[in-house]
Amino acid sequence: MIALFLRDVRLSWRAGGGALTGVMFFLAVVMVVPFGVGPDLNLLARIGPAMLWLGALLASLLGLDRLFQADREDGSLDILLMNGTPMAAIVFIKCAAHWVTTGLPLVIAAPLFGLFMNMPPLAIAATMATLVAGTPAITFVGAVGAAVTVALPRGGLLLAILVLPWTIPVLIFGVSAAYGAVEDPAPFTEPFIVLVAISLFFAVIGSLGAGAVLRHSDH
Amino acid sequence: MHLVVTDLSAIRGGEVIFSGLSFRINEGEALIITGHNGSGKSTLLRVIAGLLTPATGEVCLNGKPEGASPDFDDRKFYEHCHYLGHENAMKPALSVEENLRFWRAMDDEPHLEIPEALEMVGLPALAHVPFGHLSTGQKRRISIARLLVSWRPVWLLDEPTAGLDTGSERQFAELMKIHLEDGGIILAATHIPLGLKNTQSLVMNTATMVDETQ
């Protein structure tokens with residue numbers, strides 16, 4: 001299992017892996033916002049957490065279509081299916097590796113992009129914390145979408161459409177927790193705990209669902 | 001240990017690919033599957049590998065080989081099989097050694113060491129070359145080496161010699177012979193005479209099925 005995790009991490013850093021594609025897209029989204037909304041620093045600081053979350057959400061969706069497709073194309077998926085390990089565990093490990101190589105860089109880049117949005121340090125810290133807690137949920141929901149679209153040649157767009165509705169709760173609780181940290185009457189802890197719960201919930205449901213879909217996809 | 005297939009049928013896209021297929025292969029025997037293109041050789045192997053669900057029938061492995069792990073009987077049939085399909089199941093961006101080390105680590109029963117396996121397929125010097133840089137025949141030989149780095153008694157081979165030159169074909173036939181001598185079972189879809197003893201042959205034909213023992 002560790003071997004699978006290490007292989008996927010290694011692959012994403014090698015040629016054609018696309019570990020940094022998400023971060024570059026994230027940068028592009030955050031960079032154009034100030035041009036769109038104008039140079040009002042207070043406004044930017046206010047919408048900062050939401051913009052970071054939107055950018056991170058869209059960037060997370062980018063590489064998801066290749067999660068199982070690459071393994072299917074080169075025949076590795078067949079061999080993984082014939083392994084004794086339950087498919088759900090294999091999906092879980094692949095998602096973990098995918099998050100470490102695409103989700104974690106977004107979290108690490110968030111403080112820098114927060115500065116672009118004139119966010120105060122507390123808001124940046126809170127947004128980072130919510131991204132750590134929330135982006136795994138996107139990966140695990142995305143895994144189900146990736147499994148469903150694994151056989152489609154241009155499944156990326158369909159995947160985004162399938163997955164996006166499920167990520168809305170993540171976005172709502174992520175942004176409201178980030179706001180809760182800086183705006184006084186709004187709470188931070190409650191939405192943050194719900195966000196963690198969503199991630200844990202999708203980690204189980206997503207792994208089982210995607211595993212079942214992959215096992216039966218050729219039938 | 002013997003492999004028993006009873007009344008196996010497969011339907012794909014509403015069309016019957018084959019039906020009522022039964023055979024038995026003993027330890028140390030090979031089944032060579034032949035038939036024209038589209039006769040269902042690959043489908044048969046994928047059904048046996050558990051990658052497709054059969055419409056009827058079942059595949060099972062009876063008995064235990066000597067020195068088998070205690071949980072041998074608890075495993076699903078496909079966990080006893082190595083499947084070599086049309087694709088090589090290797091990552092072009094990783095080196096040959098990294099690819100083989102990964103597949104070796106994924107299986108419970110490691111067999112040959114990686115340098116040994118590379119020696120067996122005649123490519124000992126390529127361990128550190130990225131898989132993507134190899135020629136078609138070399139890639140195939142590396143994916144054959146995958147069968148050697150972990151032990152599974154049943155080999156399911158779909159056109160295993162595609163892209164191999166005659167020398168490598170002979171070498172591969174030799175590896176198959178060794179596997180059979182070790183008490184393995186081989187099912188291979190191929191047109192090339194492999195020169196194996198103890199073989200049965202199965203001629204796949206969409207209309208009729210002929211199963212003859214040599």
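The preceding data block contains the structure.
What comes next is a walk through the structure. Quick caveat, the model's predicted, so the values are computed rather than measured. (Residues numbered from 1 in each chain as written. Chains lettered and ligands numbered in written order. Predicted model: local features only at pLDDT ≥ 70, side-chain atom pairs only at ≥ 80, totals over all residues. Heavy atoms only, no water.)

### Overview of the overall build of chain A
Turning to step 1, where the next piece is worked out: Scanning chain A from terminus to terminus reveals 9 helices and 0 strands.
Turning to step 2, where the next piece is worked out: Each helix (α) and strand (β) of chain A, taken in turn from the N terminus, gives the series α-α-α-α-α-α-α-α-α.
Turning to step 3, where the next piece is worked out: Taken over 219 residues, chain A has a buried fraction of 51%.
Turning to step 4, where the next piece is worked out: A separation threshold of at least 6 residues defines the contact pool for chain A, and within that pool the share at least 24 residues apart is 78%.
Turning to step 5, where the next piece is worked out: Element-wise, carbon and sulfur atoms account for 77% of the exposed surface of chain A, whose accessible area totals about 9600 Å².
Turning to step 6, where the next piece is worked out: Positive and negative side-chain charges in chain A, numbering 9 and 11 respectively, have mean positions lying 10 Å apart. (Helix = DSSP H or I, 4+ residues; strand = E, 2+ residues; numbered from the N terminus. Buried < 20%, exposed > 50% of the residue type's maximum accessible area, 1.4 Å probe, protein only. Contact = heavy atoms within 4.5 Å. Areas by Shrake-Rupley, 256 points an atom, 1.4 Å probe, with all protein chains shown as cover. Lys, Arg positive; Asp, Glu negative; His and termini not counted. Charge placed at Lys NZ, Arg CZ, Asp CG, Glu CD.)

### Observations regarding the pairing of strand β1 (residues 2–12) of chain B
Residues and elements named next belong to chain B.
Turning to step 1, where the next piece is worked out: Judged from the 8 bridges that link them, β1 and strand β2 (residues 15–26) form a sheet pairing that is antiparallel. For Val 5, the partnering residue across the bridge sits in β2 and is Phe 23.
Turning to step 2, where the next piece is worked out: Where β1 folds back on β2, the antiparallel hairpin that results is connected by 2 residues, among which Gly 13 adopts a positive phi of roughly 55 degrees.
Turning to step 3, where the next piece is worked out: Pairing between β1 and strand β4 (residues 56–62): 6 bridges, direction antiparallel. Residue Val 4 lies in a different strand from β4, and its bridge partner there is Cys 60. (Pairing = 2+ DSSP bridges.)

### A closer look at a nonpolar patch on the surface
Residues and elements named next belong to chain A.
Turning to step 1, where the next piece is worked out: Together, Met 31, Val 32, Phe 35, Leu 112, Leu 115 and Phe 116 give the surface a local cluster of nonpolar side chains, amounting to about 650 Å² of exposed area.
Turning to step 2, where the next piece is worked out: When contributions to the nonpolar patch are tallied by element, the ones reaching two or more residues are α2 (21–37) and α6 (87–116).
Turning to step 3, where the next piece is worked out: As for its placement among the helices and strands, Met 31 is situated in helix α2. (Patch = residues over 30% accessible without salt bridge, like charges linked within 9 Å, V, L, I, M, F, W, Y side chains within 5 Å. Salt bridge = Lys/Arg side-chain N within 4 Å of Asp/Glu carboxyl O.)

### Some points on the environment of A:Pro39
Turning to step 1, where the next piece is worked out: Looking at the secondary structure, you find A:Pro39 in the loop between α2 and α3 (41–62).
Turning to step 2, where the next piece is worked out: According to the relative accessible area criterion, A:Pro39 is exposed, its value standing at 78%.

### A look at the nonpolar core
Turning to step 1, where the next piece is worked out: Counting residues in hydrophobic clusters, the biggest one holds 130 residues, and the most contacted among them are A:Phe68, B:Leu3, B:Phe23 and B:Leu187.
Turning to step 2, where the next piece is worked out: Apart from residues no more than four positions distant in its own chain, B:Leu187 is found in contact with B:Leu3, B:Phe23, B:Ile25, B:Leu31, B:Leu45, B:Ile48, B:Val154, B:Trp155, B:Leu156 and B:Leu157. (Core = buried A, V, L, I, M, F, W, Y, C linked by side-chain atoms within 4.5 Å.)

### Looking at empty space enclosed by the protein
Turning to step 1, where the next piece is worked out: In the structure shown here, the tally under the stated rule is 2 cavities of 30 Å³ or more.
Turning to step 2, where the next piece is worked out: Of the pockets and cavities examined, the largest cavity occupies roughly 90 Å³.
Turning to step 3, where the next piece is worked out: If you trace the largest cavity, you find it lined by A:Ile79, A:Met82, A:Asn83, B:Cys81, B:His82, B:Tyr83, B:Trp103, B:Met106, B:Asp107, B:Arg146, B:Ser150 and B:Arg152.
Turning to step 4, where the next piece is worked out: For the lining of the largest cavity, the secondary-structure elements that each account for two or more residues are β5 (81–84) and α2 (96–106) of chain B.
Turning to step 5, where the next piece is worked out: In terms of residues, the lining of the largest cavity owes the most to one element, β5(B), which gives 3 residues. (1 Å grid on protein atoms, 1.4 Å probe; cavity = no way out; pocket = protein on both sides within 12 Å on 5 of 7 lines; lining within 4 Å. Points joined across faces, edges and corners; volume = space filled by probe spheres on them.)

### A short note on the sheet that holds β2(B)
All names here are of chain B.
Turning to step 1, where the next piece is worked out: Spatial ordering of the open sheet is given by β2-β1-β4, a layout of 3 strands whose pairing is antiparallel. Each of the sheet's edge strands pairs with one partner strand only, and the pair in question is β2 and β4. Strand-to-strand twist across the sheet, computed as the mean angle between neighbouring axes with direction ignored, equals 15 degrees. (Axes fitted to C-alpha atoms, helices over the stretch in contact; angles between N-to-C directions.)

### Focus on the packing of α2(B) against helix α4 (residues 136–149) of chain B
All names here are of chain B.
Turning to step 1, where the next piece is worked out: Where α2 contacts α4, the axes come no closer than 9 Å and their chain directions differ by 35 degrees. The way α2 lies across α4 gives a crossing that is right-handed. Every residue of α4 that contacts α2 at Val 96, Leu 100, Trp 103 and Arg 104 is listed here: Ile 142, Ala 145, Arg 146 and Val 149.
Turning to step 2, where the next piece is worked out: Grouping the constituent residues of the contact of α2 with α4 by class yields 6 nonpolar, no polar and 2 charged. (Left-handed = near helix turned anticlockwise from the far one by under 90°. Nonpolar A, V, L, I, M, F, W, Y, C, P; charged D, E, K, R; others polar.)

### A look at the packing of aromatic side chains
Residue and element names in this part refer to chain A.
Turning to step 1, where the next piece is worked out: For the coordinates displayed, the defined rule picks out 6 aromatic pairs over all chains.
Turning to step 2, where the next piece is worked out: Arranged with centres 5.0 Å apart and planes meeting at 75 degrees, the rings of Phe 26 and Phe 113 form a pair that is edge-to-face. Placement of Phe 26 in helix α2 and of Phe 113 in helix α6 is noted, with a sequence separation of 87 residues between them. For the residue pair Phe 26 and Phe 113, the accessibility class agrees, reading buried in each case. (Phe/Tyr/Trp six-rings, centres within 6.5 Å; stacked < 30°, edge-to-face > 60°.)

### Some words on unusual backbone geometry
Turning to step 1, where the next piece is worked out: Located in the positive-phi region is A:Asn118, a residue other than glycine, with phi close to 55 degrees.
Turning to step 2, where the next piece is worked out: For A:Asn118, the location among the structural elements is in the loop between α6 and α7 (121–148).
Turning to step 3, where the next piece is worked out: Overall, the relative accessible area of 32% leaves A:Asn118 in the partly exposed class.
Turning to step 4, where the next piece is worked out: Here the phi dihedral of B:Glu159 falls at roughly 45 degrees; this positive angle occurs in a residue that is not glycine.
Turning to step 5, where the next piece is worked out: With respect to the helices, strands and loops of the structure, B:Glu159 is situated in the loop between β6 (154–158) and α5 (166–181).
Turning to step 6, where the next piece is worked out: B:Glu159 sits in the partly exposed class, given a relative accessible area of 24%.

### Thoughts on α5(B)
All names here are of chain B.
Turning to step 1, where the next piece is worked out: Taking 1.5 Å of rise per residue, the 16 residues of α5 would be expected to cover 22 Å, and the 23 Å separating its terminal C-alpha atoms lies within 8% of that figure.
Turning to step 2, where the next piece is worked out: Of all the residues in α5, the buried ones are Ser 168, Glu 169, Phe 172, Ala 173, Leu 175, Met 176, His 179 and Leu 180. For α5, the angular spread of the buried residues around the axis is 160 degrees, confining them to a single face. Turned more than 90 degrees away from the buried face of α5 sit Arg 170 and Glu 181, all of them exposed.
Turning to step 3, where the next piece is worked out: As for α5, its buried residues are in contact with β3 (30–35), α3 (114–120), α4, β6 and β7 (185–189).
Turning to step 4, where the next piece is worked out: A positive backbone phi angle near 90 degrees is found at Gly 183, which sits one or two residues after α5. (Expected span 1.5 Å × (residues − 1). Arc of directions from axis to C-beta.)

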